[in-house]
Amino acid sequence: MPFPYTSEQRQTLMWVTFGLLLVALLVLLGPVLTPFIAAGILAYALNPGVDWLSSCHIGRLRMPRMVAVLVMMTILCAIILALILIVIPVLEKELPLMREQIPRLLSSLNAIVSPWLRDLGVKAQFDVEGIKSLLTKQMSTAGQGIWSSLLSSVRIGGIALLGWLATLLLVPVVLFYLLLDWHPMLARLVNAVPRRWSAKVQSLGREVDDLLAQYLRGQLLVMLVLSVYYSAGLAIAGFEVALPVGIITGLLVFIPYIGFGLGLLLALIAALLQFDMLQGLIAVAVVYGLGQVLESFILTPRLVGERIGLHPLVVIFALLAFGQLFGFVGVLLALPASAILSVAVRHMRDHYLNSSFYSQTEP
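Within every chain, residues take consecutive numbers counted from 1 along the sequence as written. Only residues with pLDDT of 70 or above have their local features reported here, since the model is predicted, and side-chain atom pairs are shown and tallied only from 80 upward, although totals for entire chains, interfaces and linings are computed over all residues. Heavy atoms throughout the structure, all of them, feed into the side-chain values; hydrogens and water do not.

### Points about the side chain of Ser54
Think of it this way: any DSSP run of H or I at least four residues long counts as a helix, any run of E at least two long counts as a strand, and we number them from the N terminus. With respect to the helices and strands, the residue Ser54 is situated in helix H2 (residues 30-55). Each residue touching Ser54, except ones within four places of it in the same chain, is listed here: Arg62, Met63, Arg65 and Ala68. The criterion used for residue contact is that any of the two residues' heavy atoms lie within 4.5 Å.

This is how it looks when you write it as structure tokens:
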């Protein structure tokens, strides 16, 4: 009995099966791929800078690409180090203050809430002394400094912490080689595409590149502007932790919904610890309300653009799905990856609507 498929169909089936198995393997290796995914995102964002530096001339000589890669990585490390040096000392100063002020806050809440509960017939109140004792015990390491706590974690954390350190050390290594061989690797990927699909795949690649460039580089500008805005707004409102909370809020807007919500939570905690309850809450509402309007109606449409156009439910599902598959880096990857998938889905939909399978009216 002859095999029901032609030789070409058998080869197509074999390569499709191989591709599906490869995708399944990548999903299973999600945790291992974390440093490679993080390095890939950074390489895509930094490659234009490397290309520009490598095209510059020093006298009559062009800057070698390896030197350009090292310069861009040094700039990236300097930015990360500057953020750490800004945030860590402030947290080191504020944690003991938080330990002192939280019991005072609980006492105020107890004085407000307990009479209201008694009027409703509920006899309940905060155990302020017990909570104060617990906080003193749990936050006693704050007086030793953040760095001492980190060193203590190194001694206690064991294998899990070593795994994180290995990931952090692997990211710059992978990033270096990706940036160094960026264009040859892209050329090899293009050459691996079957010739009959080459033009279509390159067209899709250019569309995806345009979309990602608009999103990622625009998003970096949004993060920078919002970091300045929130820091300045909280400082004008009198927050002692305006700089670290503002910077963290601005950087976290990269994660839709979750980032803004976490930044808002940090600001609310700072407000409750430093101000009278009503004054602090009003200040946070004004600063973060205006910040959300600024981001949604001015910055994102102008700097990022509306080409991604993902429905909020799609964004939430993407965050949960990619977080489940790839952890925290998957959450960061969710929106740009969804943008890439949206390009593929749009082309598949157009192909489906133009197919005879869709347009045929008779069985």
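### Here we look at a nonpolar patch on the surface
A patch consists of residues whose relative accessible area exceeds 30% and which take part in no salt bridge; residues with like charges are grouped when within 9 Å of each other, and nonpolar side chains (Val, Leu, Ile, Met, Phe, Trp, Tyr) when within 5 Å. Residue-level accessible areas treat just the shown protein chains as cover; the underlying method is Shrake-Rupley with a 1.4 Å probe. Counted as salt bridges are all cases of a side-chain nitrogen of Lys or Arg within 4 Å of a carboxyl oxygen of Asp or Glu. On the surface, Met14, Trp15, Phe18, Leu22, Leu25, Leu26, Leu28, Leu29 and Val32 cluster together into a nonpolar patch covering about 920 Å² of accessible area. When residues in the nonpolar patch are grouped by element, the largest group, 7 residues, is from helix H1 (residues 7-28). Its place among the elements puts Phe18 in helix H1.

### Points about the confidence of the model for the chain
Here the chain averages 75 in pLDDT, and 72% of its residues register 70 or above. Helix H5 (residues 146-157) is the least confidently modelled element of the chain, averaging 50 in pLDDT, while helix H7 (residues 182-192) averages 86, the highest of any element. The score called pLDDT rates the predictor's confidence residue by residue, from a low of 0 to a high of 100.

### Description of the packing of helix H9 (residues 242-252) against helix H10 (residues 258-274)
Between two packed helices, what matters for the description is the angle formed by their axes and the separation of those axes. The geometry of H9 relative to H10 is characterised by a closest axis approach of 8 Å and an angle of 165° between their N-to-C directions. With respect to each other, H9 and H10 are oriented roughly antiparallel. In this structure, the crossing between H9 and H10 has a hand that is left-handed. Contacts from Val245, Ile248, Thr249 and Leu252 of H9 reach H10 at Gly259, Phe260, Leu262, Gly263, Leu266 and Ala267. Each residue gets one of three labels, nonpolar for Ala, Val, Leu, Ile, Met, Phe, Trp, Tyr, Cys and Pro, charged for Asp, Glu, Lys and Arg, and polar for the others, Gly among them. Classifying every residue of the contact of H9 with H10 gives 7 nonpolar, 3 polar and no charged. Helix axes are fitted only over the stretch in contact, all axes being lines through C-alpha atoms; the angle between N-to-C directions runs from 0 to 180 degrees. Every angle not falling under 35 degrees, over 145, or within 65 to 115 is termed oblique; those three ranges are roughly parallel, roughly antiparallel and roughly perpendicular. We call a crossing left-handed when the near helix sits turned anticlockwise from the far one by less than a right angle, and right-handed when that turn is clockwise.

### Some details on the nonpolar core
Residues belong to a common nonpolar core when they are buried Ala, Val, Leu, Ile, Met, Phe, Trp, Tyr or Cys residues joined through side-chain atoms within 4.5 Å. Here the term buried applies to any residue with accessible area under 20% of the maximum for its type, exposed to any over 50%, and partly exposed to those in between, with areas from a 1.4 Å probe on protein chains only. Judged by nonpolar contacts, the single largest core of 61 residues is most densely connected at Leu175, Leu179, Leu234, Phe239 and Tyr288. The set of elements that each furnish at least two residues to this core consists of H2, helix H3 (65-119), helix H6 (159-180), helix H8 (195-236), H9, H10, helix H11 (277-304) and helix H12 (312-353). Filtering out sequence-adjacent residues up to four positions away, Leu234 remains in contact with Phe239, Ala242, Val245, Gly246, Val287 and Tyr288.

### Notes on the packing of aromatic side chains
Each aromatic ring pair is described using two quantities: the centre-to-centre distance and the angle formed by the ring planes. Pairing of aromatic side chains here covers Phe, Tyr and the six-membered ring of Trp, requires ring centres within 6.5 Å, and sorts the geometry by plane angle: under 30 degrees stacked, over 60 edge-to-face, intermediate tilted. All chains considered together, the criterion is met by 4 aromatic pairs. A network of ring pairs unites the aromatic residues Tyr229, Tyr230, Phe260 and Tyr288 as a single cluster.

### Observations regarding H9
Burial analysis of H9 places 8 of its 11 residues in the buried class, the great majority of the element. Along H9, the positions that sit buried rather than exposed are Ala242, Pro244, Val245, Gly246, Ile247, Thr249, Gly250 and Leu252.

### Things to note about the pattern of salt bridges
One pass over the structure, following the stated rule, counts 1 salt bridge. For Asp51, the salt bridge goes to Arg65, with nearest N and O atoms at 2.8 Å. Residue Asp51 is located in helix H2, and its partner Arg65 is located in helix H3; the two are separated by 14 residues in the primary sequence.

### Looking at the packing of H8 against H9
Closest axis-to-axis distance for the H8/H9 pair is 7 Å, and the angle between their directions is 150°. Looking at the two axes, H8 sits roughly antiparallel to H9. Both H8 and H9 take part in a crossing whose hand is right-handed. Seen from H8, the contacting residues are Met223, Leu226, Ser227, Tyr230, Ser231, Leu234 and Ala235; seen from H9, they are Ala242, Leu243, Val245, Gly246, Ile247, Thr249, Gly250 and Leu251. Taken together, the residues of the contact of H8 with H9 break down into 10 nonpolar, 5 polar and no charged.

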